[in-house]
Protein chains: 4
Amino acid sequence: MFLEIVHAEGLSHLSYIFGDGGKAAVIDPRRDCKIYADIANSRGARITHIFETHCHEDFVSGALELARRTGAEIYHGHALAFRYGTGVREGETFDLGNLSLKVIETPGHTPESICLTLSDRVYSERPVAVFTGDTLFIGDAGRTDLFPAMRDELVEKLYDSLHRKIMPLGDHVIIYPAHGEGSVCAKKPASREFSTLGFERQSNPMLARSRKDFIQHNLWEEHHAPPYFWQMQKFNREGIPLVAKLPEPKPENAENFAAAIDQHGLLVLDVRSPEAFAGAHIPDSLSIPLDRFSLMAGWFLPYDRTIGLVAERAEDAAKARLFLMRMGFDNASMYLAGGMTAWTGAGKSFASIPTVDAEELRRRIAIREDLLVLDVRSRTEYAEIPSDPSQNTWIGDLPRQLNALPRDKKIVAFCSNGQRAIIAASLLQQANFRRVEVYLGSDKAYKALQISKKAA
Amino acid sequence: MFLEIVHAEGLSHLSYIFGDGGKAAVIDPRRDCKIYADIANSRGARITHIFETHCHEDFVSGALELARRTGAEIYHGHALAFRYGTGVREGETFDLGNLSLKVIETPGHTPESICLTLSDRVYSERPVAVFTGDTLFIGDAGRTDLFPAMRDELVEKLYDSLHRKIMPLGDHVIIYPAHGEGSVCAKKPASREFSTLGFERQSNPMLARSRKDFIQHNLWEEHHAPPYFWQMQKFNREGIPLVAKLPEPKPENAENFAAAIDQHGLLVLDVRSPEAFAGAHIPDSLSIPLDRFSLMAGWFLPYDRTIGLVAERAEDAAKARLFLMRMGFDNASMYLAGGMTAWTGAGKSFASIPTVDAEELRRRIAIREDLLVLDVRSRTEYAEIPSDPSQNTWIGDLPRQLNALPRDKKIVAFCSNGQRAIIAASLLQQANFRRVEVYLGSDKAYKALQISKKAA
Amino acid sequence: MFLEIVHAEGLSHLSYIFGDGGKAAVIDPRRDCKIYADIANSRGARITHIFETHCHEDFVSGALELARRTGAEIYHGHALAFRYGTGVREGETFDLGNLSLKVIETPGHTPESICLTLSDRVYSERPVAVFTGDTLFIGDAGRTDLFPAMRDELVEKLYDSLHRKIMPLGDHVIIYPAHGEGSVCAKKPASREFSTLGFERQSNPMLARSRKDFIQHNLWEEHHAPPYFWQMQKFNREGIPLVAKLPEPKPENAENFAAAIDQHGLLVLDVRSPEAFAGAHIPDSLSIPLDRFSLMAGWFLPYDRTIGLVAERAEDAAKARLFLMRMGFDNASMYLAGGMTAWTGAGKSFASIPTVDAEELRRRIAIREDLLVLDVRSRTEYAEIPSDPSQNTWIGDLPRQLNALPRDKKIVAFCSNGQRAIIAASLLQQANFRRVEVYLGSDKAYKALQISKKAA
Amino acid sequence: MFLEIVHAEGLSHLSYIFGDGGKAAVIDPRRDCKIYADIANSRGARITHIFETHCHEDFVSGALELARRTGAEIYHGHALAFRYGTGVREGETFDLGNLSLKVIETPGHTPESICLTLSDRVYSERPVAVFTGDTLFIGDAGRTDLFPAMRDELVEKLYDSLHRKIMPLGDHVIIYPAHGEGSVCAKKPASREFSTLGFERQSNPMLARSRKDFIQHNLWEEHHAPPYFWQMQKFNREGIPLVAKLPEPKPENAENFAAAIDQHGLLVLDVRSPEAFAGAHIPDSLSIPLDRFSLMAGWFLPYDRTIGLVAERAEDAAKARLFLMRMGFDNASMYLAGGMTAWTGAGKSFASIPTVDAEELRRRIAIREDLLVLDVRSRTEYAEIPSDPSQNTWIGDLPRQLNALPRDKKIVAFCSNGQRAIIAASLLQQANFRRVEVYLGSDKAYKALQISKKAA
């Protein structure tokens, strides 16, 4: 028996391939799915089963493409209509060699969510592990806001799925969720990728809540649902073009890249670090640092405009394109060959953004300089570590709040590590705000400095 | 927090690297240890701690080399004298960021064996996992025959370590042992690499035994201890040359290879498949197929003779050399460039061994052909699936039993899949037995055929 | 300016990618063509031009697939009808940055063969190199037998193309041909992959011949044209399915593999070494060792039967499949998971072939044992190093000569290194010859032994 | 016969490995020399000969380490004293299979420079290629200023070596030099890596000069010799520590990194892009962008201070360390884990540098803003494309010219693509110049804009 975790870097997505006796199954495959076939081959196994724990809203499933590649069957919960695959119900089992999978229906995160228990029948019929999808994370539980019309119902169902279906499997059961730290689908999952029901029972705050408390908390808590979620759900229920058929982004020199901007309205997406973007960037480009891609890109990108990438190097452009593809954005058609050096070397104009460190920001505020600190962290973060005096507008809401911002004032974009601040600064520049600066630093560092200086 | 399992292919050895907050620890590193430094670097962490759960007898530890490379400290159980590192005692703890390790002394497999519990203090001080070394495997427990003078004592200690120290940690605790399936250190561990104390409590046959039964069973059970075990223990207590300083085996053409055999008594070690060895091999060479290396090589190889490798291709020679190095055999000085094709192409003489399939073997026995089926499986395997009429001599004992075999009879070497049979056949040819054949097939297949034919 | 040589391992095919100023061109791309796009990307260049020096007969061109992937234009000689691309004529030039290509028409190997000169206009308009396709090799010239109806005419044209078109370019010009050592398209090219017109003028025996002598020699010389040549020409003129859409061979266990043989007439293609095939193989399988694939596979494989692969390991099966694909054989649907060990372990019957070394063969012939040495080398090889007493039947002709062979006699297959001999032995076994053996050794070694023994 | 070119990225250094008959030779190996052994192994060959065409001044030779690894002999010109290896003389030959090497003494670049001709004796005793070291480049010839006391003599010898020793080998001979484009050892070599003596005869400007003209030109021409050249010569004559024994730079978090700066005077070397450095960098750090490393690092780095690296990612830090090591700088002991994001996230202060594009610079000069354009290109570049009004100080001379610069004026650093300008800006900031800016753009683009605006 083998089991391997496959990560989708940039999405904090965890998928699983495992097998025995020459057969293999995959849980929640990512869109670039060749890797599963390669692993199976290296294990001398054929992929025969693909399971979707639920209709994913944050990435494009590779189930259809993997099925076409391998001939495997696709299975998902029966309680939602898909254009492909087979709906499964409570108690259905699937055998691969000595390994056995059993479906448990766990509605809550979505109406048709399922979990799958894994047994090693050489030792016991009882499960040794459970694939929990977006129902139970390590240190967290799934969100329940994605079907707004059913929210009340789903919250209750999630509580019941957790406490009546999953926890009774036993403390000894290892859990394999669909996401780790840094996912848009969970609020505060652990950075640790291994746990058991027993350990979660003792330490997962969401499991410690009473039914009433759990429901109240979930209905109250803030969740962000970027616009692409609805597109993902559609793709994942209906299907999406095969990756194998997508053209690759072409390297273009500065002249051609500039022409594409001027003549075809190319959307320039700059995935470099905040420092590099601040130093020099193509005017009106959108900054989304590669490290923040999975959490942010879906908020600001359209599906219907051609995208041109600016990256530190060709590998980063390729990575950005992969991340985009995993979210169904198949519209990155080119990247700037040679990066910004090629652009500046061709004598093209560029923009820059002044950067501010913690000490300097504190100093300016201390002398009451006339500036607006635009804090683009979430309400929750803001509540935990206030950045007063400032205005808090969650980065995802910024595009719709631009008109409410003062055009005459200097604005310093602020977040927890500069990555969302640089996005905000790029959005402000796009909207013709002229006095934009960016704070490169953390909220914690700023707070610490504030306190130490006050004390001094 | 991150945790990665590092395999030492060919030894079924599992080692672990994990860390948090920029620091990392390694448990039971393998000798080719650059990989740990690479993983740590990719995680932005420094290796600060190296733990040896016990003095390994089946592979050379990389602790010293890794310590020299990284500046980390080495820790091991205090109850055995090492020439390096620091002895630790029950309850000592080590922190890396939010992660905490705690020593539990678990004598039994060796007098100084320790286990280490792992806590994620963001969530709980209670352990979420335990590194069990050779004390507890998945589906099995450690062997207790390696300190013969202390055997009685160690068996009892092992029982107590398991039931008083490890199991009380709780059903929810994940276990990370030092070996998986196919190790010489365990008898029947699971092929599965994930489990918990709770699942083991329910399904591990060694944990189900009463104290008395456990002791009786362990004292009775058959274990094989290849000669190199004692060398390993010495290396691991005293240190061994750094891998970085070892010369690599050189490719030599057929002429030079033949000259090394004739003039310098080169020991030819052929790591090709049983079929290829049977088809043609250098006279007097020793066959140990690469797939069987970890379990078998230590039985037949000397530390003091120069070894020349014959492999299907250069990568296989490199792999064989790596496997040898992991067992402290640093005496592979050359390999045959171009493999057997180069040898035969140079017009050199070769030997071959007739191969027999299940049907043919059954037929011959049925007509009472005058042959000896030499079954080189273990006593236990022989007891489970008898291969009558035959003689059972465990492959490890064969070199000392050669004189007892008839020289005039045709001998067909027999095992469970041809790999030990071909080793046996090569040993017989080395000892000038002239009528040697090899059964390529499994014991199960042979048995099935025997039964079906009798029924017919 | 950059230039890289891309090899198609197993076909001795050399292709080229080069470029300047952000553009790149490819000469004679192989079918698995992603590599050219990757190289171009790493150089910050777009592939804009693809040239076919001629309609290849020994491999499937990747021109169409690469064009679809990159948007590049395809160019070939105008004197043959293709279903795609643009015909070019003498003197047409193509610029990529400072690099310039110029077409010279060089009929001979095929009616529409072209060569392309390369100039670096930073330094000179004169060419620094020439891509010679199959017109001029290093140490050899193209063959002229592939359009039998036009053979006389093509021989003369080749002479003229060489002496009036290519050689006048100047001694200083580097040559980049489409094949190296071990190609079916050349007889005796050098193993060296670098040369110039000046060095060839001095040392290439084909260039030293007078017009008359050249023509006579070419009309006389023996060339083998495997059946798949005509299929290749058709594919390359009309197009072939995209690699991206081909299913991959599936690993199948011994039971399924056996069922496919029994029930669906699966053709078993064994790509292991001669020694391994001799030791044990699936009955009636065809042996073509991976090292000999490019030269031999096309002679014995049909396009219309499903192929099952047996290899030493999964990577070798993948390599065999790649080699097949490069020759347009898209019918390898499965491979035996676990190789022969899985087959024998399942108790399946196998066949073997006794192996003979040089000493033993000489001994048997010396004592006039009743055997037929079946020498499957070419007539030319046989003439150079006779293997008397023996019968010479070129391996490619063997399938049609089987009826002429004696069924009652022991037959020892013989060649220059065992690779063709094992193919022959497998063909004989398929045809129910029962007393087949194989000589593993070289013709030279055998000859040397014969001489030394006679002298003694 | 095989031949492969091995590049030392970042140094524009070309080395060669080739062989035949199971033996291989290496010309001018780089310090990280495992690659040669790997190539040889993959070709089934042993490295038996290592040649140094001369005592390199711009990189550390790997000859000694490769010899220790493989047992090969080292050969170099006899006319300089080395502490290792064997001196060779005109006409000495070395055979490897059918391949033959012959020494020709070619003093000029250094007193003991040699070239080696390569013959393929299967075809001819005449050479097909020549390894020209630093004597003849593609499009250029070696420099003669590195032994100042012998300069007059060496210039004449170089002319004679080129015209009496190398060119007479014949137009058809392929040349393999020790450097390509972007080397400090050549002024204007071609970007093309393939040429012949015949093509060079026609197009290499240095070969077109008369003896008198050649000598005058070489004595007149500007060459820069960074301080590390003398250290390299010493290392290469006397030996240097083995790479295998060097410790690797450790990742350090922002706290530890800052402590190393404050307490141990760590020299911070920032290898990120000019844009990123301009955006934010650790105060007083030295900028040398990775793309410019080989040409620039040797000018500004000491051998006796500990270096801490700041890079975009860990791979870049590893690459910088490799580049440093190739120049004998073994003093990079740590790198900033997590890069600048970790630094800013920890609330550390940083500096930045305003960036200026071509349009803006032109505008400022047009309105006669009070600024100094500090042009750090070479005299030759400055002469070709003047950047008036400005001051020209070659970047290599800047550290010694700082006192001559005005401290009260705004200074805009200017070069051909921003890479040297950012180095200059970092040097100015280190020296407490407070009003430093950097022009990101090319000299050509600036010139073009200047002309077009004047015209308008």
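What counts and what doesn't
Residues numbered from 1 in each chain as written. Chains lettered and ligands numbered in written order. Predicted model: local features only at pLDDT ≥ 70, side-chain atom pairs only at ≥ 80, totals over all residues. Heavy atoms only, no water. Helix = DSSP H or I, 4+ residues; strand = E, 2+ residues; numbered from the N terminus. Rg over C-alpha atoms; globule rule 2.2 N^0.38 Å. Buried < 20%, exposed > 50% of the residue type's maximum accessible area, 1.4 Å probe, protein only. Contact = heavy atoms within 4.5 Å. Areas by Shrake-Rupley, 256 points an atom, 1.4 Å probe, with all protein chains shown as cover. Lys, Arg positive; Asp, Glu negative; His and termini not counted. Charge placed at Lys NZ, Arg CZ, Asp CG, Glu CD. Least-squares fit on C-alpha atoms with pLDDT ≥ 70 in both. Buried area = accessible area lost by both parts, 1.4 Å probe. Salt bridge = Lys/Arg side-chain N within 4 Å of Asp/Glu carboxyl O. Polar contact = N/O pair within 3.5 Å; in protein donor to acceptor, adjacent residues only side chain to side chain. Domains from an automatic or database assignment. Nonpolar A, V, L, I, M, F, W, Y, C, P; charged D, E, K, R; others polar. pLDDT = per-residue confidence, 0-100.

K.L.:
Break down the overall build of chain A for me, citing the residues and quoting the values.
P.N.:
Along chain A, the regular secondary structure elements total 17 helices and 23 strands. Scaling as 2.2 N^0.38, a compact globule of 456 residues should have a C-alpha radius of gyration of about 23 Å, and chain A matches this with 24 Å. For chain A, the spread of C-alpha atoms along the principal axes amounts to about 70 × 55 × 35 Å. Among the 456 residues that make up chain A, the fraction classed as buried is 64%. Residue pairs at least 24 apart in sequence account for 69% of intrachain contacts in chain A once pairs closer than 6 positions are excluded. Accessible area of chain A: about 16200 Å², with a carbon and sulfur share of 48%. The distance from the centre of the 54 positive side-chain charges to the centre of the 59 negative ones in chain A is 2 Å.

K.L.:
Could you give an account of the relation of the copies chain B and chain A, naming the residues involved and the relevant values?
P.N.:
Superposition record for chain B on chain A: RMSD 0.0 Å, screw rotation 180 degrees, translation along axis 0.0 Å. Those values place the two copies in the arrangement expected of a two-fold rotation axis. Distance from the rotation axis, computed per C-alpha, reaches its smallest value in chain B at B:H172: 2.3 Å. Mapped onto chain A, 100% of the interface residues of chain B again fall at the interface, so both copies present the same surface.

K.L.:
Could you give an account of the interface of chain B and chain A, naming the residues involved and the relevant values?
P.N.:
Across the contact, 28 residues belong to chain B and 28 residues belong to chain A. When chain B packs against chain A, the two sides together hide about 2300 Å² of surface, and 66% of this comes from carbon and sulfur. On the surface where chain B and chain A come into contact, there are 2 salt bridges. The partner of B:R192 in a salt bridge is A:D120, with the nearest N and O atoms 2.7 Å apart. Summed over the shared surface of chain B and chain A, the number is 10 residue pairs in polar contact (both at pLDDT 80 or more). Sorting the residues of the side of chain B that touches chain A by element identifies β9 (114–120), β10 (127–133), β13 (174–177) and α4 (197–203) of chain B as the ones contributing at least two each.

K.L.:
I'd like a description of the domain arrangement of chain A, backed by residues and values.
P.N.:
Put simply, an interface is often sized by how much accessible area is lost when its parts join up. Residues and elements named next belong to chain A. Under the domain assignment, chain A is made up of domain 1 (2–237), domain 2 (246–345) and domain 3 (355–455). The gap between the C-alpha centroids of domain 1 and domain 2 is 32 Å. Listed as interface residues are 21 residues of domain 1 and, on the opposing side, 16 residues of domain 2. Contact between domain 1 and domain 2 buries roughly 1500 Å² in total, counting both sides, with carbon and sulfur atoms accounting for 61%. Ranking the residues of domain 1 by area buried against domain 2 places E9, R31 and Y228 at the top, with a combined share of 36%. At the junction of domain 1 with domain 2, the criterion picks out 3 salt bridges. Measuring nitrogen to oxygen at the nearest pair gives 2.8 Å for the salt bridge that ties R326 to D32.

K.L.:
Describe in detail the side chain of B:H49, supporting the description with residues and values.
P.N.:
All names here are of chain B. Tracing the chain through its elements places H49 in strand β4 (residues 46–52). Engagement of the side chain of H49 in a polar contact is seen with the side chain of T48, the distance being 2.8 Å. When residues no more than four places from it in sequence are discounted, the contact partners of H49 are A24, A25, V26, A72, E73, Y75, F94 and L96.

K.L.:
I'd like to hear about the interface of chain A and chain C, residue by residue, with values.
P.N.:
Chain A puts 15 residues into the contact, and the matching count from chain C is 15 residues. Summed over both partners, the interface of chain A with chain C buries about 1300 Å², with 44% contributed by carbon and sulfur atoms. A per-residue breakdown of the area chain A buries against chain C is headed by A:N41, A:R46 and A:E248, which together make up 36% of the total. On inspection of chain A and its partner chain C, the count reaches 4 salt bridges. Residue A:E248 is joined to C:R69 by a salt bridge in which the shortest nitrogen-to-oxygen separation is 2.5 Å. In this assembly, chain A and chain C are joined by 4 residue pairs in polar contact (both at pLDDT 80 or more). Secondary-structure elements contributing two or more residues to the side of chain A that touches chain C are α2 (63–70) and β14 (250–252) of chain A. Ranked by residues supplied to the side of chain A that touches chain C, first place goes to β14(A) with 3 residues. Counted by class, the side of chain A that touches chain C contains 6 nonpolar, 3 polar and 6 charged residues.

K.L.:
Residue-level account of the confidence of the model for chain A, with values.
P.N.:
The predicted model of chain A has a mean per-residue pLDDT of 93, with 99% of residues at 70 or higher. Among the prediction metrics, the complex's ipTM stands at 0.92, with pTM recorded as 0.90.

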